[in-house]
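Structural characterization, general
Letter by letter, the chains look like this.
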Amino acid sequence: MQTNLKVWPGTLYPLGAVYDGSGTNFSLFSEIAARVELCLFDEEGNETRLDLPEVAGYCWHGYLPHVEPGQRYGFRVHGPWDPENGQRCNPAKLLLDPYAKAFEGQVQWDEAVFPYSFQDGPDVKNDRDSAPFMPRSVVHQPHFDWSGDRPLQVPWHETILYETHVKGLTATHPDVPPELRGTYAGLAQPPVIDYLKKLGITAVELMPIHYFIHDKYLVDQGLRNYWGYNSIGFFAPHNEYASEKRPGAAVAEFKHMVRTLHQAGLEVILDVVYNHTAEGNHLGPMLCFKGIDNTYYYRVTDDKRYYMDYTGTGNSLNMRNPHVLQLIMDSLRYWVLEMHVDGFRFDLAAALARELHDVDRLSAFFDIIQQDPVISQVKLIAEPWDVGEGGYQVGNFPPVWSEWNGKYRDCVRDFWRGENQLIAEFASRVTGSSDLYENTGRLPYASINFITAHDGFTLNDLVSYNDKHNEANGEDNQDGGVTTAPGTAAPKAPPMIRRSWP
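Keep in mind that what you see is a predicted model, and the values were worked out from it rather than measured.

Right, let's get into the overall build of the protein chain. Counting secondary structure elements, the protein chain contains 12 helices and 22 strands. In terms of overall dimensions, the protein chain is globule-like: its C-alpha atoms have a radius of gyration of 23 Å, near the 23 Å expected for 502 residues. When the backbone C-alpha atoms are referred to their principal axes, the protein chain occupies close to 75 × 55 × 45 Å. For the protein chain, with 502 residues in total, the buried portion stands at 57%. Nonlocal contacts in the protein chain, meaning residues at least 24 apart in sequence, comprise 70% of its contacts between residues at least 6 apart. Summed over its atoms, the accessible surface of the protein chain is roughly 20500 Å², and 50% of this surface lies on carbon and sulfur atoms.

This is the structure:
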């Protein structure tokens, strides 16, 4: 335990942990907190707790001289425990920093990481310390030699996207060194880049690389959340995809991958999941936002014990609150300005546009994207639906956006299967879907034309089976939401099959 650390007042901005060459400033937003402790951990896991001494604009902050990159840390937030009113502060729970740029470890599933007692129910506080079972936030090293790297800015009408998975692309690749397979460094290897170039693509769209959690019910079955649509750290590249396991190493390795892909003329698009987090519903764990300021970060029902769920995961981020919007915008800008990515594909983007309940084209999220001088200039791709009522919004996103065109996908599938009376619609879809985009001044490249992706049938299954065929998942083919062949009904949302893997 360190007892001689000095804590200076520091500054409220920027949020998170920022190293300036001499020390690190820490800042955490919580409107409900009565007290915030900064928890520092050494390599043996010993914890030192320090009160953040200043609060301004509900941002609790302090500066620690001599705290350097690699330092492991977390927060404990003191405040009301009143589940009936949605207040769930519990200082026994170590919390991840929402702005952390790096993480170490994964959640170890123990009752201690849940804020309530399994025996007594979700309204009874669990006072067991969760720190032994929690990952650590890590102060990252911000410096990197980009060697003159610049955005490629490939025009939309020349863009060909290739969706892939960082681990899956190289996990068994015979020409990638074994120690680099399944990593950011593996994706940047010459044989992999040569393969991507031969495909004729212009952009690699990576399935989620934000730091994510492996769900308890999967871990209990010996499985993992392979796809990664379970984010909890919107600024940090997922640590398990780094070839080097040193704390914070994923940041530099991700940057190296981007720089190498850019040198080969390939843009990097990230599939981002800002619509929900890995904390689940009222029965889920307390990892971050739930313990920092539950009703500020999440949308709750009239009975504030429970969460609005437009995502099928148990919760939805509350896009009506300014600090939630700031969190997302700060994250997007960080990935563009500091990590040099070229654009984003937004998972279940309709959920981000919900103001009171309905999807709103004039929502604050769209407004802030439109006026932002950085984010409005990169590639923005919407998955234009969520799982809530009225969530299917193909063709309804604002002019700066392109969209996964679900109607193109469904029409081409049906045409392929020999359905009757599709020639007229097929002609419309392959020539740009003017019925969807022309009235808002968007050009044909607003339509991202695809037939298969990670959701739903693989291309092989599409032409081989009438029903979904996911026996390998170990869930008796019960996962996902679509059991009939495409085209047998008119789906209002895509198949939602989130694959798990040992």
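Interhelical geometry of helix α6 (residues 289–297) versus helix α7 (residues 322–337) gives an angle of 120 degrees and a closest axis separation of 10 Å. As far as their axial angle goes, α7 and α6 are oblique. Note on element contacts: α7 touches α6 through Pro322, His323, Val324 and Leu327, opposite Phe289, Tyr296 and Tyr297. Taken together, the residues of the contact of α6 with α7 sort by class into 6 nonpolar, 1 polar and no charged.

Quick look at the nonpolar core now. Residues Phe26, Phe254, Leu270, Trp335, Phe344, Phe346 and Phe365 are the most contacted members of the largest nonpolar core, which totals 112 residues. With 9 residues, the single largest contributor to this core is α7. For Phe344, the residues in contact, after removing those within four places along its chain, are Ile269, Leu270, Val272, Leu332, Trp335, Val336, Val378, Lys379, Leu380 and Ile381. Counting 14 residues, the second largest nonpolar core, distinct from the first, contains Trp156, Ile269, Val394 and Trp404.

Next up on the list: the sheet that holds strand β15 (residues 203–206). Within the open sheet, the 7 strands sit side by side as β14-β15-β18-β19-β20-β21-β22. Their pairing is parallel. A strand with exactly one partner marks an edge of an open sheet, and here the two such strands are β14 (161–164) and β22 (447–448). Pairing of strand β18 (residues 267–272) with strand β19 (residues 343–346) involves 4 bridges; the strand directions are parallel. Opposite Leu270, over in β19, you have Phe344 as the bridge partner. Sitting on the sheet, helix α5 (residues 249–263) is in contact with β15 and β18, with an inclination near 135 degrees to β18.

Here we take up the side chain of His173. If you trace the backbone, His173 turns up in the loop between α1 (166–170) and α2 (184–187). With relative accessibility at 18%, the residue His173 sits in the buried group. If we skip the residues at most four places from it in the chain, His173 touches Arg181, Pro191 and Val192.

Moving on, we get to helix α9 (residues 406–416). Counting buried residues along α9, 8 of its 11 residues qualify, which places the element largely inside the surrounding structure. Within the sequence span of α9, burial applies to Gly406, Tyr408, Arg409, Asp410, Cys411, Val412, Arg413 and Asp414. Where the residues of α9 are buried, they touch β21 (402–404), α10 (423–430) and α12 (459–462). Measuring from the backbone nitrogen of Lys407 back to the side-chain oxygen at the start of α9 gives 3.1 Å, which picks out Asn405 as the cap. Where α9 ends, the next residue or the one after it, Gly418, has phi of about 85 degrees, a positive value.

Our focus in this paragraph is the packing of aromatic side chains. For the coordinates displayed, the defined rule picks out 37 aromatic pairs. Here the aromatic rings of Phe114 and Tyr116 are separated by 6.1 Å at their centres, their planes lie at 75 degrees, and the arrangement is edge-to-face. Given the relative accessible area of 6%, Phe114 is considered buried. Between Phe415 and Phe426, the aromatic rings sit 4.0 Å apart at their centres with planes inclined by 15 degrees, giving stacked as the arrangement. In this pair, Phe415 sits in helix α9 while Phe426 sits in helix α10, placing the two residues 11 residues apart along the sequence. Between Arg136 and the ring centre of Phe41, over which it is positioned, the NZ or CZ distance is 3.9 Å. Above the plane of the ring of Trp404 lies Arg345, whose end atom (NZ or CZ) is 4.1 Å from the centre.

Quick notes on the rules
- Residues numbered from 1 in each chain as written.
- Predicted model: local features only at pLDDT ≥ 70, side-chain atom pairs only at ≥ 80, totals over all residues.
- Heavy atoms only, no water.
- Helix = DSSP H or I, 4+ residues; strand = E, 2+ residues; numbered from the N terminus.
- Rg over C-alpha atoms; globule rule 2.2 N^0.38 Å.
- Buried < 20%, exposed > 50% of the residue type's maximum accessible area, 1.4 Å probe, protein only.
- Contact = heavy atoms within 4.5 Å.
- Areas by Shrake-Rupley, 256 points an atom, 1.4 Å probe, with all protein chains shown as cover.
- Axes fitted to C-alpha atoms, helices over the stretch in contact; angles between N-to-C directions.
- Parallel < 35°, antiparallel > 145°, perpendicular 65-115°, else oblique.
- Nonpolar A, V, L, I, M, F, W, Y, C, P; charged D, E, K, R; others polar.
- Core = buried A, V, L, I, M, F, W, Y, C linked by side-chain atoms within 4.5 Å.
- Pairing = 2+ DSSP bridges.
- Polar contact = N/O pair within 3.5 Å; in protein donor to acceptor, adjacent residues only side chain to side chain.
- Phe/Tyr/Trp six-rings, centres within 6.5 Å; stacked < 30°, edge-to-face > 60°.
- Lys NZ or Arg CZ within 6 Å of the ring centre and 35° of its normal.

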